[in-house]
Amino acid sequence: MVNILCIGAGYVGGPTMAMIAKHCPEHRIIVVDISAKRIAQWNSEKLPIYEPGLFEVVQEVRGRNLFFSTDVAVGIAEADIIFVSINTPTKTYGEGAGRGTDLQYWEQVARAILSNSQKRNVIVVEKSTLPVRAAAAMARILNSEKNGVHFEVISNPEFLAEGTAIKDLTNPDRILIGGRSNQSGQKACDTLADLYAHWVPREKILLTNVWSSELSKLFANAMLAQRISSINSITALCEKTGADISEVSQAIGMDKRIGSHFLEASVGFGGSCFRKDIRHLAYLCEHYDLPEVSQYWDSVVSLNDYQINRFFKNILASQFNTLANKKMAILGFAFKPDTGDTRDTPALPICQKLLAEQASISITDPQALANARLELADIEGDIHYEEDPYKAAEGAHSLLLITHWQEYRELDYQRIFDAMIKPAFVFDGRNFLDHQHLFEIGFNVFPLGKPILSHLQ
Ligand code: UDX
Ligand code: UDX
């Protein structure tokens, strides 16, 4: 039996450890967090994050071989393997502000591990996404004192996406483990690989050097985001030329070399990772004196900001250039469906821009209303939160679809139209709704990268 500890009970740490506990019943896993509230939620019937299928897995293993605790020191003292899955935000101050990674929590965790470890050999697993060479920095801190403990730091980035975390963890495309090439490094990688091999086929477990592993994580997110910015850039051109982005996306996606995933046009990507990781990548390139490479990746983020702004500007222009006192119903605030997560959601800048125009906004979302309230807490304006999408749309001039929750496709749009101010508009930030049907009801429909369906002259 191995004692496994995970520091950080967030979107990554919680689900990942639940899955390891499920498939490795012989091991004991403790997840710790500095937030007592989070730990209390993990120990309750209402988990701190909404993720389809997660509760069932947690219920199966909690109290059996998975435990949630706030006692970081005791957790470290007993652990043979320590996953570090804390958030790694963008630095907001000093050198590299707005671009580099804020490593202060990372270093604090390293020091806590150093002062509390009691086993002879401890494997520290870097789960958080970090700048390349962060594992080496962690190893330097851990090995700064000779207290009889040998620490081996390895990198094992997580590729799960929110909303599909359990599916992704159950059947990952690959497990990436990066370690040093010496005997101790290889042994640590093998130990971790054996853990995953409880349910992941060996051929999907990829062993690399530490820096390849760290860089692959940053680069995977950058590549995914780059595809979205690429398709979003073409929505703007489609709107000028009359081409249809769905047709273009299908046509290029059928080319096996391009592939069909991540070609859905949108109001812009969001989430805790893409913007942050691209900024880190760009900063890293800048640091290594590669300004052209840095600018290339920066442009992926700029295009995303452009797309969000373009969506807003289309709303303003089509509503006769004034939104003052007009009610805008926001369908969806989460950064994607099947999550309550609102980190870097495009809904936030859109709401801010609408409020700056003195519009009244009415936000609905099946899971993200609590987080929406937090995001908008310091922003002044006429803001309403509605559980019921029909109520959110009552008396509205426009519907703005920001998050493509399945249930938004199934709403009774005739009923919604009847309760709205005319002319009524729909701005579909995901090309998710049945545009022809909405047009036939009487809506003026503004998709992305497709011809507008308008009853107005
Ligand atoms: C993950 C990854 O770990 C991060 O690298 C990636 O870039 C974003 O996704 P995530 O699990 O989504 O992070 O973050 P979050 O849900 O914020 O969870 C992190 C947890 O770590 C929080 O609950 C926080 O309280 C905890 N934490 C943070 C600690 O326990 N100790 C610390 O020192 C800092
Ligand atoms: C991402 C990566 O997919 C995952 O591997 C990594 O571990 C964490 O970051 P996540 O942010 O949870 O996962 O969700 P993802 O499905 O990648 O979506 C990110 C954003 O891109 C969302 O706002 C989504 O709506 C948007 N998106 C995605 C598009 O706009 N178009 C697409 O075709 C796909």
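Analysis parameters
Residues numbered from 1 in each chain as written. Chains lettered and ligands numbered in written order. Predicted model: local features only at pLDDT ≥ 70, side-chain atom pairs only at ≥ 80, totals over all residues. Heavy atoms only, no water. Helix = DSSP H or I, 4+ residues; strand = E, 2+ residues; numbered from the N terminus. Contact = heavy atoms within 4.5 Å. Core = buried A, V, L, I, M, F, W, Y, C linked by side-chain atoms within 4.5 Å. Buried < 20%, exposed > 50% of the residue type's maximum accessible area, 1.4 Å probe, protein only. Phe/Tyr/Trp six-rings, centres within 6.5 Å; stacked < 30°, edge-to-face > 60°. Lys NZ or Arg CZ within 6 Å of the ring centre and 35° of its normal. Pairing = 2+ DSSP bridges. Axes fitted to C-alpha atoms, helices over the stretch in contact; angles between N-to-C directions. Near = heavy atom within 4 Å. Areas by Shrake-Rupley, 256 points an atom, 1.4 Å probe, with all protein chains shown as cover. Nonpolar A, V, L, I, M, F, W, Y, C, P; charged D, E, K, R; others polar. Polar contact = N/O pair within 3.5 Å; in protein donor to acceptor, adjacent residues only side chain to side chain. Left-handed = near helix turned anticlockwise from the far one by under 90°. Salt bridge = Lys/Arg side-chain N within 4 Å of Asp/Glu carboxyl O.

Chemist: Report on the environment of Lys391, specifying residues and quantitative values.
Modeler: Looking at the secondary structure, you find Lys391 in helix α15 (residues 389-393). Taking the C-alpha atoms as reference, Lys391 lies 18 Å from Gln406; in sequence the two are 15 residues apart. For Lys391, the contacting residues outside a window of four places in its chain are Lys327 and Glu386.

Chemist: Let's hear about the nonpolar core: which residues, and what values?
Modeler: In terms of nonpolar packing, the biggest core is built from 42 residues, with Met17, Ile20, Leu66, Phe83, Ile177 and Tyr196 touching the most fellow members. Examining the composition of this core, we find that six residues originate from one element, helix α8 (residues 183-196), more than from any other. Beyond its immediate chain neighbours, meaning those up to four positions away, Phe83 contacts Ile4, Leu5, Cys6, Ile7, Met17, Ile20, Val125, Lys127, Asn156, Leu192, Leu195 and Tyr196. Judged by nonpolar contacts, the second largest core, of 30 residues, contains Ile330, Leu400, Ile402 and Leu448.

Chemist: So what's going on with the packing of aromatic side chains? Residues and values would help.
Modeler: Summed over all chains, the structure comprises 11 aromatic pairs. Both rings, one in Tyr196 and one in Trp199, keep their centres 5.7 Å apart while their planes meet at 50 degrees; by these two values the pair is tilted. Among the aromatic side chains, those forming a connected cluster through ring pairs are Phe320, Phe425, Phe427 and Phe446. Positioned over the ring face of Phe159 is Arg174, at 3.5 Å from the centre of the ring.

Chemist: Which residues make up the pairing of strand β6 (residues 150-155), and what values go with them?
Modeler: Successive residues of a regular strand alternate their side chains across the two faces of the sheet. With five of six residues buried, β6 lies mostly within the body of the structure. With six bridges connecting them, strand β5 (residues 121-126) and β6 associate as parallel partners. Looking at β6, one finds that Glu126 is bridged to Ser155.

Chemist: Which residues make up the sheet that holds strand β9 (residues 327-331), and what are the values?
Modeler: Strands in a sheet are paired, the pairing made by backbone hydrogen bonds, and the direction either parallel or antiparallel. If you trace the six strands from one edge of the open sheet to the other, you get β11-β10-β9-β12-β13-β14, paired in parallel fashion. Every other strand in the sheet has two partners, leaving β11 (382-385) and β14 (444-446) as the edge strands with one partner each. Geometrically, the sheet is characterised by an average inter-axis angle of 20 degrees between neighbouring strands, direction not taken into account. For β9 and strand β10 (residues 360-364), the ladder comprises five bridges, and the chain directions are parallel. Of the residues in β10, the one forming a bridge with Ile330 is Ile363. Set on the sheet, helix α12 (residues 291-318) makes contact with β9, β12 (398-401), β13 (425-428) and β14; between it and β13 the angle comes to about 165 degrees. In the packing of helix α13 (residues 347-356) onto the sheet, the strands contacted are β9, β10, β11 and β12, and the crossing angle to β10 comes to about 155 degrees.

Chemist: Would you mind going over the site of ligand 1 in detail, with residue names and values included?
Modeler: Around ligand 1 sit 21 residues, and of these Val12, Asp33, Arg38, Thr129 and Lys276 come closest. Its free accessible area being 690 Å², ligand 1 has 90% of it covered by the protein chains. Considering only residue class, the shell around ligand 1 consists of eight nonpolar, nine polar and four charged.

Chemist: Can you tell me about the side chain of Ser229, naming the residues and giving the values?
Modeler: Inspection of the secondary structure puts Ser229 in helix α9 (residues 210-241). The exposure class of Ser229 is buried, given its relative accessible area of 4%. With residues up to four places along the chain from it excluded, the contact list for Ser229 reads Phe269, Val300, Leu303 and Asn304.

Chemist: Describe the site of ligand 2, listing the residues and the values that go with them.
Modeler: Neighbouring ligand 2 are 20 residues, the closest being Phe159, Glu162, Ser266, Lys336 and Arg430. With respect to ligand 2, the backbone of Leu160 contributes an N or O atom lying 2.8 Å from an oxygen atom. Ser266 has a polar side-chain atom sitting 2.6 Å from an oxygen atom of ligand 2. Here ligand 2 loses 90% of its free accessible area of 650 Å² to cover by the protein chains.

Chemist: Lay out the side chain of Gln307 in plain terms, naming residues and giving numbers.
Modeler: Here Gln307 lies in helix α12. Here Gln307 falls in the buried class, since its relative accessible area comes to 1%. A polar contact of 3.1 Å, which involves the side chain of Gln307, links it to the side chain of Arg310. Setting aside residues no more than four positions away along its own chain, Gln307 makes contact with Asn232, Thr235, Ser266, Val267, Gly268 and Leu448.

Chemist: Give a detailed account of the packing of α12 against α13, specifying residues and quantitative values.
Modeler: Packing of α12 against α13 leaves a shortest axis separation of 10 Å and a crossing angle of 35 degrees. Crossing handedness for the pair α12 and α13: right-handed. Two secondary-structure elements touch here, α12 through Ile308, Asn309, Phe311, Phe312 and Ile315 and α13 through Pro349, Ile350, Lys353 and Leu354. Of the residues contributing to the contact of α12 with α13, the split by class is seven nonpolar, one polar and one charged.

Chemist: Tell me about the pattern of salt bridges, and name the residues and values.
Modeler: Counted according to the given criterion, the structure contains 18 salt bridges. For the salt bridge of Glu158 with Lys127, the shortest nitrogen-to-oxygen distance reads 3.1 Å. With a gap of 31 residues between them, Glu158 in the loop between β6 and α7 (165-170) and Lys127 in the loop between β5 and α6 (134-142) connect regions that are remote in the sequence. Both residues of the pair, Glu158 and Lys127, count as buried. Between Arg310 and Glu239 there is a salt bridge whose closest N-O contact spans 2.8 Å. Separated by 71 residues along the polypeptide, Arg310 in helix α12 and Glu239 in helix α9 bring together distant segments of the chain.

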